[in-house]
Amino acid sequence: MPSSPKILFLSVSAGAGHTRAADALKEATLLLDPKAEVRHLDVMDHVPSTFRKIYTDYYIKLVTRHPAIWGMLYQASSEAPPDAMSQKLRRAVERLSSRPLRGAIDAFAPDAIVCTHFLPAELLMREIGKSRLGVPVFVQITDFDLHRMWVIPRMTGFFAGNEEVAFRLRAHGVEAAHIHVTGIPIMPAFAQSHDRAACAMAFGLDPARRTYLLMGGGAGLGVAPLAKRLAAIDSELQLVVLAGRNKPVLEDLQAAAAGQPGRLFPLGFTNEVPRLMAAADLVITKPGGLSTSECLAMGVPMLLSAPIPGQEERNADYLLENGAAMKAIDEVGLDYHIALLKAEPQRLEAMRRNARALGRPRAGEDAMKIVLEKTAIV
């Protein structure tokens with residue numbers, strides 16, 4: 001390996017998690033080796049616009065508007081064997097649509113490649129099989145569940161979020177030596193220690209009052225009605241609401257906050273999530289792999305709101321099973337859990353301990369140490 005390794009990260013912008021995982025691994029690489037040359041490519045920047053629209057926009061519309069249909073598709077595609085006609089057709093369409101990606105890879109000439117989505121890994125599997133690619137390729141799984149599409153031959157290594165994912169990889173025939181339980185990678189800021197009181201005061205919050213953080217993802221979907229409901233059912237609560245890049249939602253929340261000063265704190269897109277989590281007693285969120293891994297790393301308990309069928313439900317199951325979260329399946333369930341946690345704050349403390357025990361704040365560094373070591377050998 002050259003003195004300054006070249007590491008390429010490949011993600012797919014179907015939801016934010018895969019992209020955020022690649023960014024976290026990229027930052028971890030630079031912490032381990034500041035001289036490393038790193039590059040992150042979104043596969044969707046190297047495909048025709050029609051394919052990109054179907055793969056990303058259609059996915060987001062499906063999971064938000066028709067979650068039950070998405071759940072059925074998730075299960076059916078996970079159960080389909082790799083040699084099923086549907087899977088062969090899917091891979092053929094993907095290969096034809098992503099040919100320009102190979103040119104971008106060749107132009108960078110990496111020493112190793114890490115994929116945070118199964119699509120680029122499947123494409124590279126074919127390249128390796130035809131002896132057109134000779135560098136190690138790794139796969140970072142970004143949920144606490146294993147969908148069969150992540151089980152890809154000819155990969156140098158797999159990074160799993162927990163022991164069950166590793167177990168399932170072995171059950172699908174992946175050699176144990178190729179599997180590493182490192183966790184789901186998050187940005188280094190979530191591994192730092194933060195003073196709760198200082199973080200609270202930095203955002204105009206009272207450190208002595210109960211503070212909940214409501215996260216709606218980059219699109220800020222569904223947070224406005226949820227925030228207003230939470231403010232109505234608990235008059236003692238300080239509620240920080242992240243509206244992401246959704247300007248209309250942010251403006252709506254700002255108008256609502258003006259009528260109840262000191263209670264509702266709406267924010268748009270921010271890089272201050274670690275400090276906001278440090279100031280929070282509870283995070284209310286959908287159970288994405290990255291968001292929940294950030295909470296675990298910070299030791300913050302979670303109330304999971306209406307997970308979509310498929311990977312989010314599996315993530316929720318893992319967190320509930322390990323006592324780091326509760327789940328509200330609807331508005332009535334939300335009311336119940338908010339009242340319960342207010343009446344029995346010891347439940348929050350128990351979830352906090354369990355979350356911290358599950359957290360892997362240095363998952364990115366642990367994965368990239370393996371990548372750099374394997375790259376040095378190749």
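Remember, predicted model here, so these are calculated numbers, not experimental data.

Definitions and limits used
Residues numbered from 1 in each chain as written. Predicted model: local features only at pLDDT ≥ 70, side-chain atom pairs only at ≥ 80, totals over all residues. Heavy atoms only, no water. Salt bridge = Lys/Arg side-chain N within 4 Å of Asp/Glu carboxyl O. Helix = DSSP H or I, 4+ residues; strand = E, 2+ residues; numbered from the N terminus. Buried < 20%, exposed > 50% of the residue type's maximum accessible area, 1.4 Å probe, protein only. Axes fitted to C-alpha atoms, helices over the stretch in contact; angles between N-to-C directions. Parallel < 35°, antiparallel > 145°, perpendicular 65-115°, else oblique. Contact = heavy atoms within 4.5 Å. Nonpolar A, V, L, I, M, F, W, Y, C, P; charged D, E, K, R; others polar. Pairing = 2+ DSSP bridges.

1. Some points on the pattern of salt bridges
Throughout the structure, instances matching the rule amount to 17 salt bridges. With a shortest N-O distance of 2.5 Å, Glu127 and Arg102 are connected by a salt bridge. A residue pair is termed long-range when its members are at least 10 positions apart, and Glu127 in helix 6 (residues 118-129) and Arg102 in helix 5 (residues 99-108) qualify at 25 residues. A salt bridge links Glu127 to Arg132, with the shortest nitrogen-to-oxygen separation between them at 3.0 Å. Look at Glu127 and you get buried, because its relative accessible area is 14%.

2. Some words on the packing of helix 1 (residues 17-32) against helix 12 (residues 289-298)
Contact geometry for helix 1 and helix 12: axes closest at 8 Å, N-to-C directions at 50°. Compared by their axis directions, helix 1 and helix 12 come out oblique. Residues Gly17, Arg20 and Ala21 of helix 1 form the contact with helix 12, whose own contacting residues are Leu290, Ser291 and Glu294. Taken together, the residues of the contact of helix 1 with helix 12 sort by class into two nonpolar, two polar and two charged.

3. A look at the sheet that holds strand 8 (residues 238-242)
Read across the sheet, six strands follow the order 9-8-7-10-11-12 without closing on themselves; strand pairing throughout is parallel. Across the chains shown, the open sheet's two edge strands, defined by having one partner strand only, are strand 9 (264-267) and strand 12 (325-328). With direction set aside, neighbouring strand axes in the sheet form an average angle of 20°. In the sheet, strand 7 (residues 211-215) pairs with strand 8 via five bridges, with the strands oriented parallel. From the neighbouring strand, Leu213 faces strand 8, where its bridge partner is Val240. On the sheet, helix 12 packs against strand 7, strand 10 (282-285) and strand 11 (302-305) and is oriented at approximately 170° with respect to strand 11.

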